[in-house]
Amino acid sequence: MQLFVSLKIIVEEYQIADWACRFIEEYQAAVARPRGDNRERDVISRRTEDKRWVPPDKGIFKINVDAGFDRSRKIYSTGVVIRDWEGRVRVTEERWYQGHPEVSLGEACAIRNGIRLAYETNLTPYEISSDSKVAVESFNNTNMQGSDMSLIVEDCSKLEGRNFCLGIYFAGRNTNFVAHELAKRALAQSQGCLRRMGNAPPEIHQFVMADLTSPA
């Protein structure tokens, strides 16, 4: 069975529960934010209106990340793609983990993996896009402490020590298909870490091309 969430997003049966959890987390975060609190408004609004993937400025790399979850098998995954200002894929990574963290923590792990991948491949400076508002807001909240999320954020701040990261932004799901498909592929393969330099896996190529040809 498949759930058609929109005209372009299809959620497989085993992913429905986690899609719902992500939706609820984002809704609760929005409700909990005090009225008039605009700390992250600029961070969120800068990318929310994009209808397609948009390349970064010349000399900057763009990282898209996503996480996948399979509660029935108690596993989760992350997908990362780094592209340059011409839209060329420089590296992709798929990681698979045992466990069933909260959705926002899995998404934060994806952001951390994106930062680590950029650092290890020397693809800097960069900006990061995630389709999890909760995770993005957590990374841009300087007052957060004493939680599992804060530990991930602190870990990332050490990797960002040279100020290579130009920003962590929210991206609509229509702009994040490549990372989403990489995370879904990692769930299916369940093979630790798969890294590919210079291009995307053949199964993902259609999504890369769609990002380059979709109307703005």
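Check the entry above for the structure.
Now for a description of the structure that goes with this document. (Residues numbered from 1 in each chain as written. Predicted model: local features only at pLDDT ≥ 70, side-chain atom pairs only at ≥ 80, totals over all residues. Heavy atoms only, no water.)

## Observations regarding the packing of aromatic side chains
One pass over the full model with this rule turns up three aromatic pairs. Aromatic rings pair up to connect Phe69, Tyr76 and Tyr97 into one cluster. Here the guanidinium or amino end of Arg83 rests over the ring plane of Trp53, the centre of that ring lying 4.1 Å away. In this arrangement the basic side chain of Lys133 is found over the ring face of Phe170, its NZ or CZ atom lying 5.1 Å from the centre. (Phe/Tyr/Trp six-rings, centres within 6.5 Å; stacked < 30°, edge-to-face > 60°. Lys NZ or Arg CZ within 6 Å of the ring centre and 35° of its normal.)

## Points about the environment of Lys51
Along the chain, Lys51 falls in the loop between helix 2 (41-48) and strand 3 (61-70). Taking the relative accessible area as the measure of exposure, Lys51 reaches 61% and is therefore exposed. Put simply, Lys51 and Arg173 are 122 residues apart on the chain and 9.0 Å apart in space, counted from C-alpha to C-alpha. Excluding anything up to four places from it in sequence, Lys51 contacts Asn174 and Thr175. (Helix = DSSP H or I, 4+ residues; strand = E, 2+ residues; numbered from the N terminus. Buried < 20%, exposed > 50% of the residue type's maximum accessible area, 1.4 Å probe, protein only. Contact = heavy atoms within 4.5 Å.)

## Describing the pairing of strand 7 (residues 165-170)
The buried count for strand 7 comes to five of six residues, which makes it a mostly enclosed element. With four bridges joining them, strand 6 (residues 126-130) and strand 7 adopt parallel strand pairing. Along strand 7, the bridge assignment pairs Ser129 with Tyr169. (Pairing = 2+ DSSP bridges.)

## Topic: the nonpolar core
One finds Ile63, Ile82, Ile111, Tyr126, Ile128 and Phe139 to be the most contacted residues of the largest nonpolar core, which totals 31 residues. Broken down by secondary-structure element, the contributors of at least two residues to this core are strand 3, strand 4 (75-83), helix 3 (103-121), strand 6, helix 4 (133-139), helix 5 (148-159) and strand 7. Considering each element in turn, this core owes the most residues, nine residues, to helix 3. Excluding anything up to four places from it in sequence, Ile82 contacts Phe61, Lys62, Ile63, Arg88, Val89, Arg90, Val91, Gly114, Leu117, Ala118, Thr121 and Leu123. In terms of nonpolar packing, the next biggest core, distinct from the first, is built from eight residues, Val81, Val89, Ala179 and Val208 among them. (Core = buried A, V, L, I, M, F, W, Y, C linked by side-chain atoms within 4.5 Å.)

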